[in-house]
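Here's the letter readout for the chains.
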Amino acid sequence: MTVTESRPADQGSAAPATRTLTLIQAVTEALREELARDERVVVFGQDVGARGGVFLATAGLQAEFGERRVFDTPLSEASIVGVAVGMAVRGMRPVAEIQFADYMGPGFDQIVSQAAKIRYRSGGQFTAPLVIRTPSGGGVKGGHHHSQSPEAYYAHTPGLKVVMPSTPYDAKGLLKAAIRGSDPVIYFEPKRLYRASKGEVPTYDYTIELGRGAVRREGGDLTLIGYGGVMPDVEKAAQALSGEGVEAEVIDLRSLVPWDRDLVLGSVEKTGRAVLVSEAPRTANFMGEVAYVIQEALFDRLLAPVSQVAGFDTPYPYVQDKVYLPGANRIAAACVKALTY
Amino acid sequence: MIQPFTSDPLRWVAEDGQPIRELPARFTPDVLRGLHRDMVRAREFDRKLVTLLRQGRTTFYAQSRGMEATQVGLARSIQVGHDWVWPYYRDHALGLTMGVPLLDLVSQCLGTNSDPSRGRQMPHHFGAERQNFVSISSSIASQVPPAAGNALAQKYLGVGEITVCTFGDGATSEGDWHAGVNMAAVNGAPCLFVCENNQWAISTPLRAQTASETVHVKARAYGMPGYLVDGNDIVAVMEVMSSVAEEVRQGNGPALVECLTYRVGSHSNADADAEKNYRTREEVALWTGRDPIARVEGLLEHLGHPVSAEERADLIAATHREVDEAVRQAEASGQPDWRIMFEDVYADLPVHLREQAAFLRAEQTGGQA
Ligand SMILES: Cc1ncc(C[n+]2csc(CCOP(=O)(O)OP(=O)(O)O)c2C)c(N)n1
């Protein structure tokens, strides 16, 4: 089971166990429940208070929990991240919002030099259990300063956990687990799915362990692996292939650090083919690591080279932003190539 | 020389248009009319672009309504094409007045083939080589250290130019801002830092941004003069800017000018409901009442050279026609295709990009190379 669930004892049978939420509603709900559950949780960032965040992920939280728990900061990512580190070291559970993943840059030093290393450099005497939430990815006509997928920078930094959900259910369960966890987590939210991704979310408390992927679709002919914003297109491609009689197994990684090697290797061992999909630029893309691990473990089982469908090695272009993204057709074409190798 | 570090904003013209100090001789009725024209043109550009945004023909726009005196005044205080400008994303009135062709600005917003930045940047992120108007970056305050470097190069090369670096009040909280301002000061770089203090950074008011009383006092800590100007008084903006620019040009090191103004409209398209969300209608009304264009009109009236309603209407209509024509021309030039993705990533096309371009060409042309 990839899901750790805990139902409250008084869960009435009349109460609906789930209802449909968008991904961003699921994020808000996770924050609200964690704020209510644990006094040490605070939520802050640029415009998260009265405005409720530029995407409204924190809408209503300041009204509900007050300015001590949910507050606006000056326009400084270095301070937002650095303050989160200090608060976490001092026993709190900060959840910081960086308005766009593209703007983590000014906070980069605090993330990699402080957040990621304090446990290690202190021999575990000091730790920084914080969460940095940030919208990432393209497809919203944002140009190159509002569309980037910088997860590889963070995945490359030991000491950080890196998460990217693609469904409301996962968004809530993973965020709660991140907040309750003991390490710094960079939690990317694929902004083009904020409202496009809808799904059933339980009303009871549940968390999803970081590092566990999810099988979205079972199949024996090849394994399609993705995470975040590309998932709807990955599933669309799988559906199209199914129409042609090819059954792809679709895996959503959900967490990049750590990532679910067992799930991936088990599936590729079964299918013999892997197509890895992400929208980040190809060079030093996180999927390169996944490809490496697959070929190392399963070299003699592979029926085709492991292949990648990724973003191009260019800054994210404004006008051609749809062409830049790996859509269902490009993904399906890569699958056909792997199948006919 | 103008007094730095005043507690009240430096001002020449009262809100009703009456001069409160002697009007400098260079502000002849003709000059003032020219400034009025520039400001109205900037305002109407804004209005037309907001319409294009509502029509979905562009996807991002950052209004500068209310800030015309600051931007037009700055543009008219520097040596365009000689000095260099590192602007921020709300500076189209600055660019327009510096002579960046309106067609280029509109094209950039539409991302057409006529866009000098080739449809790669999001709308409202202009750059114009001829005016030394460096391409805008969305990342707040990230232009500040490069502006300091631009100024250092000017000093090193001995070219008699200055660098102008603009930013909003919010930008002064970023580490980059402090790093850049400090670097410029330590090295005596000829950099004119201009804070367009419109009092809000999206939903964050100045009071939640900084505990210092004003922005310009921060200059003191870095060892440079700081000036506080009524940014809605174009005479004050030009008097201070041109005098400070001259000081900077003379090699006296950088300076900071804070123009106190107001963003009347929304931050961008993302917060059209600003009034409901985070600021009061009363506050907006108060500042709408301090309109910089109305102030120049009041001044011209006081001088006995009023702008007639007809003149004003003609001016507005002319700008609208100009924008309409630019939109027509821009749209007629078509949209850049997939090829623009790979050019300008590097000076050359490295092999991996050549391969990726070939892949995309095959995909986009259905296999025909
Ligand atoms: C580094 C960075 N962080 C966050 C943002 C998102 N953002 C865009 S505009 C803005 C407010 C800027 O306010 P200010 O500097 O006062 O300029 P104004 O928009 O008010 O003219 C923010 C937070 C950004 N563009 N860059």
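The rules behind each value
Residues numbered from 1 in each chain as written. Chains lettered and ligands numbered in written order. Predicted model: local features only at pLDDT ≥ 70, side-chain atom pairs only at ≥ 80, totals over all residues. Heavy atoms only, no water. UniProt positions renumbered as here; feature names shortened; annotations may be inferred. Helix = DSSP H or I, 4+ residues; strand = E, 2+ residues; numbered from the N terminus. Rg over C-alpha atoms; globule rule 2.2 N^0.38 Å. Buried < 20%, exposed > 50% of the residue type's maximum accessible area, 1.4 Å probe, protein only. Contact = heavy atoms within 4.5 Å. Areas by Shrake-Rupley, 256 points an atom, 1.4 Å probe, with all protein chains shown as cover. Lys, Arg positive; Asp, Glu negative; His and termini not counted. Charge placed at Lys NZ, Arg CZ, Asp CG, Glu CD. Domains from an automatic or database assignment. Buried area = accessible area lost by both parts, 1.4 Å probe. Salt bridge = Lys/Arg side-chain N within 4 Å of Asp/Glu carboxyl O.

Chain B is annotated in an unreviewed UniProt entry as 2-oxoisovalerate dehydrogenase subunit alpha from Deinococcus aetherius. Under the heading Cofactor (unreviewed entry), UniProt records this for chain B: "thiamine diphosphate". Turning to chain B, the UniProt record has this under Function (unreviewed entry): "The branched-chain alpha-keto dehydrogenase complex catalyzes the overall conversion of alpha-keto acids to acyl-CoA and CO(2). It contains multiple copies of three enzymatic components: branched-chain alpha-keto acid decarboxylase (E1), lipoamide acyltransferase (E2) and lipoamide dehydrogenase (E3)."

The name an unreviewed UniProt entry assigns to chain A is 2-oxoisovalerate dehydrogenase subunit beta, from the organism Deinococcus aetherius. Checking UniProt for chain A, the heading Cofactor (unreviewed entry) contains the comment "thiamine diphosphate".

A. Focus on the overall build of chain B. Within chain B, the regular secondary structure consists of 14 helices and seven strands. A globule of 369 residues ought to have a C-alpha radius of gyration of about 21 Å, and chain B, at 21 Å, matches this closely. Viewed in the frame of its principal axes, chain B has a C-alpha envelope of about 70 × 50 × 40 Å. The buried share among the 369 residues of chain B stands at 56%. In chain B, the proportion of contacts linking residues at least 24 apart, taken out of those at least 6 apart, comes to 74%. Counting only carbon and sulfur atoms, one obtains 51% of the accessible surface of chain B, whose full area is about 14,700 Å². Separation between the mean location of the 34 positive side-chain charges and that of the 47 negative ones in chain B comes to 2 Å.

B. Broad picture of the domain arrangement of chain A. Residue and element names in this part refer to chain A. Its domain assignment divides chain A into domain 1 (19-207) and domain 2 (214-339). Contacts between the two partners involve 25 residues from domain 1 and, on the opposite side, 24 residues from domain 2. Between domain 1 and domain 2, a total of about 2,000 Å² is buried, with carbon and sulfur atoms accounting for 54% of that surface. Summed over the three residues of domain 1 that lose the most area to domain 2, namely Lys 141, Met 164 and Arg 192, the buried surface amounts to 27% of that side. There are four salt bridges connecting domain 1 and domain 2. Elements represented by at least two residues in the side of domain 1 that touches domain 2 include exactly helix H6 (151-155), strand S7 (161-163) and helix H7 (168-180).

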